[in-house]
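Chain residues, written in single-letter form:
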Amino acid sequence: MLEKTFEPQSIENKIYKAWEDSGTFSCTPSSPKKPYTIMMPPPNVTGNLHVGHALTYTLQDILVRYKRMQGFDVLWQPGTDHAGIATQFVVERQLAEEGVKRQDIGRDAFVEKVWQWKNESGNAIVSQQRRLGISPDWMRQRFTLDEGLSNAVLKVFVNLYKEGLIYKDKRLVNWDPKMQTAVSDLEVISQETKGHLWYIRYAFVDDSENCIVVATTRPETLLGDVAVAVHPEDERFKHLIGKHVHLPLTEKTIPIIGDEYCDPEKGSGAVKITPAHDFNDFEVGRRHDLPLINILDKSACLNEAVPIAYQGLSVEKARSQIISDLEAGGLIEKIEPNTHAVPYGEKSGVQIQPWLTDQWFVDAKTLAEPALKAVEDGRTKFLPDHCTAVYFEWLRNIQPWCISRQIWWGHQVPAWYGPDGHVFVEESEEQAHLAAVSYYGEAVELTRDTDVLDTWFSSALWPFSTLGWPDQTLELKRYYPTDVLDTGFDIIFFWVARMMMMGLHLMKDVPFRTVYIHGMVRDEKGAKMSKTKGNVIDPLTYMDKFGTDALRFSLSALAVPGRDLKLGESRIESSRNFMTKIWNAARFLQMNNCEYHPHFDPKTCQHTLNRWIVGHIHLLSTQVTKALESYRFDEAASHIYQFVWGTYCDYYLEFLKPVFNDENLAKEARLAATWAFTEVLKIAHPLIPFITEVLWHEFTGASSGLLMNQPWPTFQADMVDPNAHQEMDWIVDTIVGIRSRRAEFNVPPGSHVPMQVYEATPEIQERVSRHDAILKRLGRIDTIEVHPQKPPTIKEAALFIVNNTPIVLPLGNIIDVKAEVQRLQQELGKIGQEIESCQKRLSNSDFMEKAKPEIIEEMQERLESFGVRKTKIQEALQLLQGT
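The written sequence of each chain sets the order in which its residues are numbered from 1. Only residues with pLDDT of 70 or above have their local features reported here, since the model is predicted, and side-chain atom pairs are shown and tallied only from 80 upward, although totals for entire chains, interfaces and linings are computed over all residues. Side-chain metrics rest on all non-hydrogen atoms present in the structure, leaving aside hydrogens and water.

S.K.: Teacher, can you tell me more about the sheet that holds strand β10 (residues 244–246) here?
M.R.: Backbone hydrogen bonds hold the strands of a sheet together, and the pairing may be parallel or antiparallel. DSSP-based pairing: two strands are paired if at least 2 bridges between them are found. By the criteria applied, helices consist of DSSP H or I runs no shorter than four residues and strands consist of E runs no shorter than two, each listed in order from the N terminus. Strands sit in the order β10-β11-β9-β12 across an open sheet of 4 strands; the sheet is mixed. Among the strands making up the open sheet, the edge pair consists of β10 and β12 (270–273). Across the sheet, the mean angle separating the axes of adjacent strands is 35 degrees when strand polarity is ignored. Pairing geometry for strand β9 (residues 227–230) and β12, over 4 bridges, is antiparallel. Along β12, the bridge assignment pairs V228 with K272. An axis is simply a line fitted to the C-alpha atoms; with a helix, the fit covers only the stretch in contact. Between two such axes, the angle follows the N-to-C directions and lies from 0 to 180 degrees.

Written as structure tokens, this is what we have:
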């Protein structure tokens, strides 16, 4: 007999070990089964499991468990990312606590320390992943710096370089002056900052008494200005294009140019152009062939390109000094408060500087063309479809991809320099020396490039490098391209697009057929989670508190494609209650001597009740299959919840209570009830694997094997008995109607009410007679009258209709009708105000333009809900008042 309460913490580790020991997680490359492949997005080796991970892994695990049960040979490829900057930052911080810098111990010793940290502490997230109950092929675990993947990275870099798709260039990059490396956009956090807009006078060369006023938020970069730009159609300034002005605080003069980048409505309408320190200015500079003057060093201090008075000053000190000098010279016209986004390093916390430097780049524009065409042609589809537009927007406006980083942890760039700076790009130092001998005619000393590659470069190869590429392995031939990629909106460009580029260029095929984009997990009020707000949901904490299945089910139930999830503790607690409901159903079956018989044929059921539940199991299997095939995890969860809580527990098991006391009917009922329950366990298993596995073993015994290895339920249509469905669904709908009207009219729970059935056909009369006891017990009905005629004028009563059959509940002697009318009228007034408020906001063009789509959709859903409630109250008032 099962314990009284379900204690997930006592069984989860045991169950997971049984799964893993069985070998079921592993794929079989030689299998005749059809393959199904998902590449797990590799988490950072520095990471800890957060709720976003929990969502991603839960949804992927649902798919792979479902596909295994369908008979596919499943490969869910796990692994971790070396996370160059993040990992180096962790180890550097540890060294700093000892008063040591990485430069003090040298590159080799530092890298060795990082490896040591990785082996000792860097795999915490893998054990945390197991806590979620996920089932990847752990035997194939990969790491982006392992030997095989490192060899693939070297080969790709060399091949792309020799094809002219990788090159070195001097361009603007995001520069972190604390870590002294280029960083990706994803490692930059924009913070809204209260600053100022300085209006600075630039005097004309040919008329020093007059000037053009330029507005800027960064006066400290003024010394790198090479032009002033205005919009060519701006009537105030277009006659000035071609003139020259004095660059304040210097002896230089710079031109006034016309460029459509300028917004006449912003600031003064005239902007300073500093191509070496602003990404937009860089593009303007290229269009007008302007010089690039770098005024910062790698520590974000002003360099020798500026007047000596400012050399060596930090950006902050330079700003103060330059503003002071401008004010002293009467060159500041006005200062306005201005709130604007300032970029900061995610790890370092310091302001990121656009900095002109030599870096390695990928010709992303060339690689993007096939990636665009593959989605345009439908070879890869995005779900939801609107994410396709985001993908197109990024790829059609793509810039060169900076792939070099000035750190030590990562794949070192395979480039060696000769005495004259000539570069040799090869897969090994030996090959580089051979190339140098061929070039110089003799052996020379070579110096290796010290940069490492962007972490996203190795991640872009993940779908095929993990399968053995460049070797033509059996796994590569069998599992590439993969079936689906599940990931977040924020890395469509950083990861998805780059995998598409690399896969198409190197494998000549897309890396995945479907890209499923899930939303962001927010708190229950829809706010973004952050430590400062104190609203972060730690999945490990809630798995300890409510069980893993409760967290998984909550995430599944909220996972609408592309829509953010609102998750709070109450939601997870509600899912825990659902697990308890399932557990209690199992205990009820055991207490009523229900046993599992593997050879039971549900088609042999004779009793209407049992034929009804058999048909509903068929319907449930069909609904959940359809939902999972279309990535509607929310619908799959909803169908399971509604069936288990409603159809099976609240109705079928309740209907069976008197049946179990009838020896003529009990045997079939026990067999059917257990069969239906074990089929539900199969259907629910991908979403809630722990509780379903435990209960499967409880009912079927060890000889039946693991639930995760059972075939997915598929049934023939002849399992549905239309007559049984029609009859029992009518009974259920009647009970639902009774309960709904009792709640609407505030009928006391203990009161039994009379029920009158009108326009009853002989079939309805027999149906009511057959199920009289069920209707009275579950509806709390006192007496039931059945009439073939239409109902009379109704007053002080509740009315509802079930399949064209009017059912009346006289309430005059049960409730205070006058008080109830007053209550409903008050509620109607409040709902009217809510409807008016929603309509007002939805008709406000400013609100509609600024609000997020999910907010608008939520508002529309509220309006619809209020409308339905308004109609119900109006109907109730009419019935009570006889109008």
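S.K.: Just to check I follow, could you spell out the pattern of salt bridges for this structure?
M.R.: Opposite charge on two side chains lets them pair, provided their charged atoms get close. We define a salt bridge as a contact between a side-chain nitrogen of Lys or Arg and a carboxyl oxygen of Asp or Glu at a distance within 4 Å. Per the counting criterion, the structure on display carries 51 salt bridges. The closest approach of N and O atoms between E635 and R632, which form a salt bridge, is 3.6 Å. The class for E635 is partly exposed, based on a relative accessible area of 32%. In this structure, R823 and E827 form a salt bridge, with 3.5 Å as the shortest nitrogen-oxygen distance. Residue R823 and its partner E827 are located together in helix α27 (residues 817–842), separated by 4 residues, close to a single helical turn. A 1.4 Å probe rolled over the protein chains alone gives each residue an accessible area, and that area as a share of the maximum for its type sets the label: buried under 20%, exposed over 50%, partly exposed in between. The class of R823 is partly exposed, set by a relative accessible area of 27%. Taking relative accessible area as the criterion, E827 reaches 21% and is therefore assigned partly exposed. One salt-bridge network, held together by shared partners, links D61, R65 and R552.

S.K.: Help me understand the sheet that holds strand β5 (residues 166–176) in this model?
M.R.: Strands sit in the order β6-β5-β14-β16 across an open sheet of 4 strands; the sheet is antiparallel. Of all the strands in the sheet, just β6 (181–183) and β16 (401–402) have a single pairing partner and so form its edges. Across 2 bridges, the pairing between strand β14 (residues 353–362) and β16 is antiparallel. In the strand pairing of β16, V362 is matched with W401.

S.K.: Sorry, what's going on with the side chain of T674 here?
M.R.: When you line up the elements, T674 lands in helix α22 (residues 663–684). Those residues in contact with T674 that sit more than four places away from it in its chain are L589, C594, E595, Y596 and F699. Only heavy atoms enter the contact rule, under which two residues are in contact if any of them lie within 4.5 Å.

S.K.: Just checking my understanding: could you explain the side chain of Q129 for this structure?
M.R.: With respect to the element layout, Q129 can be found in helix α6 (residues 124–131). Whenever a nitrogen or oxygen atom comes within 3.5 Å of another N or O atom, the pair is scored as a polar contact, on the condition that within protein one atom can donate a hydrogen and the other can accept it, and that pairs from neighbouring residues in sequence are kept only if both atoms are in side chains. Separated by 3.2 Å, the side chains of Q129 and Y57 make a polar contact. Every residue in contact with Q129, bar those within four places of it in the chain, is listed here: M40, P43, Y57, I134 and W138.

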